[in-house]
Amino acid sequence: MIRFILTRLSLLIPTFIGITLAAFFLIRLVPGDPIETMAGERGIDPARHEQLKKDFGLDRPLLVQYGIYIGRVLQGDLGKSVVTRESVLTEFQTLFPATVELGICAILFALILGIPAGILAAVRRNSIFDHGVMGLSLTGYSMPIFWWGLILILLFSVQLGLTPVSGRIDVLYYIEPVTGFLLIDSLFSDDEGAFLSALEHLILPTIVLGTVPLAVIARMTRSAMLEVLGEDYIRTAKAKGLSRFRIIALHALRNAMIPVVTVIGLQIGVLFTGAILTETIFSWPGIGKWLIEAIFRRDYPVLQGGILLVGAIVMSVNLIVDLTYGLINPRIRHTR
Amino acid sequence: MTTETMEAPAVAAPTATPPHPLREFWGYFSANHGAVAGLFVILFVVLLAIFADVVAPHSPYITDTTIALKPPFWQEGGSISYPLGTDPIGRDMLSRLIYGARLSLLIGIMVVTVSILVGTVLGLVAGYVRGVTEIAIMRVMDIILTLPSLLLAIVIVAILGPGLINSMTAVALVILPHYVRLARAAVITEVSKDYVMAARVSGAGPLRLMFKEVLPNCTAPLIVQASLGISTAILDAAALGFLGLGAQPPAPEWGTMLADAREFVLRAWWVVTFPGLAILITVLAFNLLGDGLRDALDPKLKRS
């Protein structure tokens, strides 16, 4: 097992270096000079330009610049936002919980609906229910979620007036961020309405962000279940006279979940892509919205740091999924 | 359980002539109703795109503020000359959607063509040459795959600047790894087969081996991935358009139309509903087609 972990870890190093290279060159690939780009349309006088160039170390050779950059990154210094003058890491830390909270809710939503739907579809193969689940899941998979969000707002917020249109919580409430997860923070605050308000604000974004994972999980659960249900040990279990429920819930489900767990792990990249769009639609103050705003403000240090952090997080989650998978399934662990 | 297997002859009866491959393919493909439906929708959209000039009742660009935000014809205040209503500056929604089909199909097909060409060559080289070249190519692909696709596309557009061509380049790069991996895996399986050895023994050079011998045998998975890739490309390009990074107004691109319509969500449901519906239907059709192609072309899944 240790060998397995080490191989997986060693595979990550080149990828991580690649991501730092991508982040490093991002600012240098933009046409024109980074200083001018940061200064924007206001322009900048030549003396100050030279000074800034020196300050940012842009007059040194590229390789030296990269070395300095890596050194800073490893110390946790990702630079400062050009717009807010705030450290990129600090900004990331304050906004990240909002994205995580939304992401967790979306995945839970996808699991709670997707796994039972997939199981039922497999058990009742070729029934109307099965066709319905498969049709809906392909539709969900094809969904332009930025439009889906607008349609849900149109239906639930505008027509029915049930849910708020945007934000994380009503402006009436101020919740001191302790964990950064508003659901938890508001639950422990004295304000009773705050928790409900936070919950209300979460509903639509959760559905929007959870739609694609829901479709993928339902499909994956169904096909994994179908495969497992054809195995010999299921026939044995049937022959032993076990109840149908016991066979499905205990014998089949446990084995069918292995590929599903992997797929859930792989959904994190998809989830992030979704978060960028979902947060933009619902003005959700998370990482996705932050990065999009950074582009429009030409805030390159934020973009640079953001890519690096997101890349590192996705890589770590993938690694954890890989390792868990190896832990559950010895066949994976021992290949090669 | 059943006796069917017992009754089947031990040796398959020899048929007179094997069916033509295309006929056999259509047999499998047409059994999948979803795939056929997808194909018809795609044909319909393609026809709309080609004959947009003839079909569209109005110009997609001409604005007329006197008829701004007219509802669809079945609602009060709507008129049949603007069947799906008009947008905030008085352009006909239906005409813009029809011209949008042209853009979306163009995006999907161009992006996937570029991606397949580049991806197949890279994958072939990686799978055929192996060694350091392979490692270098595959590591770069790993990096592209690690970053969330939309984030990477956004970053590329941030470097190149917003616009239709740049967003297409970005999407092409983002979906590239799928083709490289597919081509490489297919090549590695094929290269060890006897026919490649035979060709090599009879003096075929590496280029001939790669493109004339190995490549034709790797096309099936690439075709399937191409169909699925078009749907991803359309979706991603629309997302970029929605974020204001793709096609720029007044281009009637569906995602860009949605971005323009966002602020009118409270007043005019039709400007928001129809462009997204167009994206959903087109993407769904390509996904259905892709699923059907996979079932029909993948011999492992064929039930004979």
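Residues numbered from 1 in each chain as written. Chains lettered and ligands numbered in written order. Predicted model: local features only at pLDDT ≥ 70, side-chain atom pairs only at ≥ 80, totals over all residues. Heavy atoms only, no water.

Draft legend 1. Fine view of the overall build of chain B. Within chain B one finds 13 helices and zero strands. What you see in chain B, going N to C, is helices and strands ordered as α-α-α-α-α-α-α-α-α-α-α-α-α. Among the 304 residues that make up chain B, the fraction classed as buried is 49%. In the structure as shown, chain B presents an accessible area of about 14,800 Å², 68% of it carried by carbon and sulfur atoms. Considering chain B, the positive charge centre built from 19 side chains and the negative charge centre built from 20 side chains are found 7 Å apart. (Helix = DSSP H or I, 4+ residues; strand = E, 2+ residues; numbered from the N terminus. Buried < 20%, exposed > 50% of the residue type's maximum accessible area, 1.4 Å probe, protein only. Areas by Shrake-Rupley, 256 points an atom, 1.4 Å probe, with all protein chains shown as cover. Lys, Arg positive; Asp, Glu negative; His and termini not counted. Charge placed at Lys NZ, Arg CZ, Asp CG, Glu CD.)

Draft legend 2. Examining the overall build of chain A more closely. The helix and strand tally for chain A stands at 14 helices and zero strands. Scanning chain A from its N terminus toward the C terminus, one meets helices and strands in the order α-α-α-α-α-α-α-α-α-α-α-α-α-α. Taken over the C-alpha atoms alone, chain A extends approximately 85 × 60 × 40 Å along its principal axes. Taking all 336 residues of chain A together, the buried fraction comes to 46%. In chain A, of all internal contacts separated by at least 6 residues, the share reaching a separation of at least 24 is 71%. Counting every atom, chain A has about 17,400 Å² of accessible surface; 64% of that belongs to carbon and sulfur. (Contact = heavy atoms within 4.5 Å.)

Draft legend 3. Representation of helix α7 (residues 145–159) of chain A. All names here are of chain A. Compared with the 21 Å implied by 1.5 Å per residue over 15 residues, the 20 Å span of α7 between its first and last C-alpha is a close match. Residue Ile153 marks the point of greatest curvature in α7, where the axis turns by about 25°. Two residues or fewer past α7, Gly161 is found with a positive phi of approximately 65°. (Expected span 1.5 Å × (residues − 1). Bend = angle between axes of the 7 residues up to and from the residue.)

Draft legend 4. Quick look at a nonpolar patch on the surface. Residue and element names in this part refer to chain A. A cluster of nonpolar side chains, contributed by Ile13, Ile17, Leu21, Phe25, Leu29 and Leu62, occupies part of the molecular surface with about 510 Å² of accessible area. The dominant element in the nonpolar patch, judged by the number of residues it contributes, is helix α1 (residues 2–29), at five residues. Position of Ile13 among the secondary structure elements: in helix α1. (Patch = residues over 30% accessible without salt bridge, like charges linked within 9 Å, V, L, I, M, F, W, Y side chains within 5 Å. Salt bridge = Lys/Arg side-chain N within 4 Å of Asp/Glu carboxyl O.)

Draft legend 5. Structural detail: the packing of aromatic side chains. Taken as a whole, this structure holds twelve aromatic pairs over all chains when the rule is applied. Where Phe24 of chain A meets Tyr69 of chain A, the ring centres are 5.6 Å apart and the plane angle is 40°; that geometry is what we call tilted. Of this pair, Phe24 of chain A sits in helix α1 while Tyr69 of chain A sits in helix α4 (residues 62–74); the two residues are 45 residues apart in sequence, bridging distant segments of the chain. Residue classification places Phe24 of chain A among the buried positions, given a relative accessible area of 1%. Here the aromatic residues Phe73, Trp74, Trp269, Trp270 and Phe274 of chain B are joined through ring pairs into a cluster of three or more. (Phe/Tyr/Trp six-rings, centres within 6.5 Å; stacked < 30°, edge-to-face > 60°.)

Draft legend 6. Just the pattern of salt bridges, in detail. The final tally for this structure, using the stated rule, is 15 salt bridges over all chains. Here Glu101 of chain A and Arg168 of chain A are joined by a salt bridge, their closest N and O atoms 2.5 Å apart. One end of the pair, Glu101 of chain A, is in helix α5 (residues 88–123); the other, Arg168 of chain A, is in the loop between α7 and α8 (182–187), with 67 residues separating them in the sequence. Each member of the pair, Glu101 of chain A as well as Arg168 of chain A, carries the same accessibility label: buried. Several salt bridges share partner residues, and in doing so they unite Arg219 of chain A together with Asp291 and Arg294 of chain B into one network.

Draft legend 7. Local environment of the interface of chain A and chain B. With 41 residues of chain A at the interface, the matching set in chain B holds 38 residues. Taken together, the two surfaces of chain A and chain B that pack against each other cover about 3,600 Å², and 80% of this comes from carbon and sulfur. It is Phe146, Trp147 and Leu150 of chain A that lose the most area in chain A upon contact with chain B, and together they represent 18% of the buried surface on that side. The interface formed by chain A and chain B includes one salt bridge. One salt bridge connects Asp291 of chain B with Arg219 of chain A, and the closest N-O pair in it is separated by 3.0 Å. In this assembly, chain A and chain B are joined by seven residue pairs in polar contact (both at pLDDT 80 or more). (Buried area = accessible area lost by both parts, 1.4 Å probe. Polar contact = N/O pair within 3.5 Å; in protein donor to acceptor, adjacent residues only side chain to side chain.)

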